[in-house]
Amino acid sequence: MRQIIYFDHAATTRPFPEVLEAMLPYYSASFGNPSSAYELGEESKQAVEQARNTIAATLNVEPETIYFTSGGTEADNWALRYAVNETGRKRAYEYAEGNVKWDGMSRKHAGLNQTGKWENRRPHIITTVIEHHAILRTCEALEQDGIRVTYLPVDRSGVVNLDALERAVCPETVLISVMYANNEIGTIQPVAQAARIAGRNGILFHCDAVQAYGQIPVDPKRLGIDLMSVSGHKLNGPKGIGFLYARQGIDLKPMLRGGSQEKKMRAGTENVPGIVGMAAAAEISHRILREKIYRETELRNYFFKRLLTEIPGVKINGSTQTRLPNNMNCSISGVNGGALVALLDLEGICISAASACSAGSDELSHVQLAIGNSPAEARSAIRITLGPENTREEADFAADTIRRLVKKLREAD
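Here we summarise the structure given alongside this text.

Scoring rules and cut-offs
- Residues numbered from 1 in each chain as written.
- Predicted model: local features only at pLDDT ≥ 70, side-chain atom pairs only at ≥ 80, totals over all residues.
- Heavy atoms only, no water.
- Phe/Tyr/Trp six-rings, centres within 6.5 Å; stacked < 30°, edge-to-face > 60°.
- Helix = DSSP H or I, 4+ residues; strand = E, 2+ residues; numbered from the N terminus.
- Buried < 20%, exposed > 50% of the residue type's maximum accessible area, 1.4 Å probe, protein only.
- Pairing = 2+ DSSP bridges.
- Axes fitted to C-alpha atoms, helices over the stretch in contact; angles between N-to-C directions.
- Contact = heavy atoms within 4.5 Å.
- Salt bridge = Lys/Arg side-chain N within 4 Å of Asp/Glu carboxyl O.

### Digging into the packing of aromatic side chains
For step 1, the next point in the chain: Tallying each qualifying case throughout the model produces three aromatic pairs.
For step 2, the next point in the chain: A ring pair is formed by Y67 and W78, whose centres lie 6.0 Å apart and whose planes are at 70°; its orientation type is edge-to-face. Remark: W78 occurs in helix α3 (residues 72-97) and Y67 occurs in strand β2 (residues 66-69); sequence separation between them is eleven residues. Exposure class is identical for Y67 and W78. Each is buried.
For step 3, the next point in the chain: Ring geometry for Y213 against F243: centres 5.8 Å apart, planes inclined by 85°, an arrangement best described as edge-to-face. Placement of the pair is Y213 in the loop between β6 (204-208) and α7 (220-223) and F243 in strand β8 (residues 242-246), with a sequence separation of 30 residues.
For step 4, the next point in the chain: Judged by its relative accessible area of 5%, Y213 falls in the buried class.
For step 5, the next point in the chain: Classification of F243 as buried rests on a relative accessible area of 0%.

Right, dumping it as structure tokens:
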């Protein structure tokens, strides 16, 4: 097998060796169903609860606030639909009882007609234009069901406009959902400020932290996050596992019904190996986090500098200040990003032209367009995301190869 240099860690990651070692017993000797009453099942049940404790400790939260899912997408869907179905019903009841307050709002902003009666009681969600498709497409589906959604703009760096968030809030707003860090351009959002706006208005705040958890410190309580989604395979854990954090006091309702797993909140036999593996990855990532941030930031800056100084027409996409340590996203003028990715693959170098969830689509990246890039700049964008095992030698080889292939592509036009 040819040697691979892997620079696409935002798409997925290779599990740590310790993760595979931790998972293996639950595919073999300790294969019991956690819901079974005998010893073999109890072993699996204890493993699930220990994993819950381990993950909770990395977040400084209570274990009972962690609900295991099949991944970040399921957790995102659960959070949004819970807010609409449960919080929306409660808000509608408050309307009927006349208990909604709209301090300082105009009658139109408050959803009142001229007689003072509620003319629009549909739940309202606020999110951003650069969210992951798990959020955006769920919002689109909810809109088809009559839910109102406001999509907030971002600036050229990909940072959400907080003034626009303030203006978008209305009495029908049941949820604000802002991702922690963007999966394409790596921009870190002002989550704490957005959560404070939600809190002041009695609105639930959800955060898709799939790209952030395991990459930077994440503390839901300190930040004021009510609901948070995470996926295991983004932090050197297994695929097909994730979790939803729901702070204490939230009356969470199940999205999948059936058995009594996850305190009757998420039916279905638990993916014990996946849960154990994700917890092992979370513990390792948490333990090495400070060193990992330092190394990846240093390597990213070195790599970026080489591309910017050695290849004419390279432009950084995303924030240069508040950015994930491992994320590099840039547009290279006169080059098709997809063509460059394909040529690099032939050289054994793995990067992407967009997020993995958008790969294979003819549509331009919604993130690139949202930050003001032209269609040509969007087509020329590439994403390089580093991992803890990447080296400067790999970065040098990749930079040399990119420079050579960019020259080749430009000459071919």
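### Describing the sheet that holds β8
Backbone-to-backbone hydrogen bonds pair the strands of a sheet. The strands run either parallel or antiparallel.
For step 1, the next point in the chain: Strand order in the open sheet formed by seven strands is β2-β8-β7-β6-β5-β3-β4, and the pairing between neighbours is mixed. Unpaired on one side and paired on the other, β2 and β4 (148-152) mark the two borders of the sheet. Ignoring which end each strand starts from, the neighbouring axes of this sheet average 20° apart.
For step 2, the next point in the chain: Packed on one face of the sheet, helix α6 (residues 191-200) meets β5 (173-177) and β6 and runs near 155° to β6.

### Regarding the pattern of salt bridges
For step 1, the next point in the chain: The tally for this structure, following the rule as stated, stands at 18 salt bridges.
For step 2, the next point in the chain: Between E172 and R148 there is a salt bridge; the shortest N-O distance is 3.3 Å. With a gap of 24 residues between them, E172 in the loop between α5 (162-168) and β5 and R148 in strand β4 connect regions that are remote in the sequence.
For step 3, the next point in the chain: Judged by relative accessible area, E172 falls into the buried class, the value being 3%.
For step 4, the next point in the chain: R287 is the salt-bridge partner of E283, the closest N and O atoms lying 3.1 Å from each other. With E283 and R287 both in helix α9 (residues 272-287) and four residues apart, this pair spans about one turn of that helix.
For step 5, the next point in the chain: Judged by its relative accessible area of 54%, R287 falls in the exposed class.
For step 6, the next point in the chain: Among the charged side chains, a network of salt bridges with common partners joins R306, E310, D396, D400 and R403.

From the geometry alone we can't say anything about function, so treat these as descriptive.
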